[in-house]
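Working through the structure, step by step
Okay, here's what each chain looks like letter by letter:
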Amino acid sequence: GGENTTIFYLKDGSIIQICSFALGGRHFIKGIAKILNISYEEAEDIKRQYGQGVVSQNQKNNLHDFLFQEAKLWKKMFVETLDQFYHFGPIPPQIFITGGGANIPEINSIIREGDWIKPLSYVDMPKTNILRADGIFQGDTLGGYLQGPQDFSLASLLFYLQKNA
């Protein structure tokens, strides 16, 4: 999230490795602001709308071209970072996606297409799930405040605190 993408390696319900690389959601938002000549806040809304498929066709084309190119860089850094998990053995097939990048179709498709996993795992395609905040509290999203994958970290922290209070 934010300035970085963080990758967690989970095994038997425990985190065994955390790695990150310096290309997160803000990079894409800043780029959208620049190419559309709008404020950061407006670009954040446009990114969200783009992910939901509710932008004009012209904006969709412009954003796709930009995000497609930037996603290539993101994928390169993602695959390079996965090398840090090599000593744990093959990457398991189950992949969970969360954060603002999960709403970017170009990033989402990189994860789902799976060509990156073939040299690192015993499977040809990952099994992917997008983790969303509204899935944590059985539909009670604190009055609609917590919803998509961008809010998952906060929702999971609140859930954990509530369970352990």
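Before any of the text, the structure's been laid out above.
Attention here is on the structure that accompanies the text.

The rules behind the values
- Residues numbered from 1 in each chain as written.
- Predicted model: local features only at pLDDT ≥ 70, side-chain atom pairs only at ≥ 80, totals over all residues.
- Heavy atoms only, no water.
- Helix = DSSP H or I, 4+ residues; strand = E, 2+ residues; numbered from the N terminus.
- Rg over C-alpha atoms; globule rule 2.2 N^0.38 Å.
- Buried < 20%, exposed > 50% of the residue type's maximum accessible area, 1.4 Å probe, protein only.
- Contact = heavy atoms within 4.5 Å.
- Patch = residues over 30% accessible without salt bridge, like charges linked within 9 Å, V, L, I, M, F, W, Y side chains within 5 Å.
- Areas by Shrake-Rupley, 256 points an atom, 1.4 Å probe, with all protein chains shown as cover.
- Salt bridge = Lys/Arg side-chain N within 4 Å of Asp/Glu carboxyl O.
- Expected span 1.5 Å × (residues − 1).
- Arc of directions from axis to C-beta.

What follows concerns the overall build of the protein chain. From N to C terminus, the protein chain includes 5 helices and 4 strands. Listing each helix as α and each strand as β along the protein chain from the N terminus yields β-β-α-α-α-β-α-β-α. A compact globule built from 165 residues would reach a C-alpha radius of gyration of about 15 Å, and the protein chain, at 17 Å, matches this within 12%. If one aligns the C-alpha atoms of the protein chain with their principal axes, the spans along those axes are about 45 × 40 × 25 Å. Counting every position in the protein chain, which comprises 165 residues, the buried fraction comes to 36%. A sequence separation of at least 24 residues applies to 50% of the contacts in the protein chain between residues at least 6 apart.

Our next topic: a nonpolar patch on the surface. On the surface, L142, Y145, L154, L157, L158, Y160 and L161 cluster together into a nonpolar patch covering about 730 Å² of accessible area. Mapped onto the fold, L154 is located in helix α5 (residues 152-163). Overall, the relative accessible area of 41% leaves L154 in the partly exposed class.

Before going further, it helps to examine helix α2 (residues 40-52). Between its terminal C-alpha atoms α2 stretches 18 Å, which fits the 18 Å expected from 13 residues at 1.5 Å a residue. Here α2 has its buried residues at A43, I46, K47 and Y50. Here the buried residues of α2 occupy an arc of 105° about the axis, which is enough to place them on one side. More than 90 degrees from the buried face of α2, the exposed residues found are E41 and Q52. Where the residues of α2 are buried, they touch α1 (25-36), α3 (57-82) and α4 (105-113). Positive phi appears at G53, one or two residues downstream of α2, with a value of about 75°.

Let us now look at α3. For α3, spanning 26 residues, the distance from its first C-alpha to its last is 35 Å, which sits close to the expected 38 Å at 1.5 Å a residue. As for α3, its buried residues are in contact with β1 (5-11), β2 (14-21), α1, α2 and α4.

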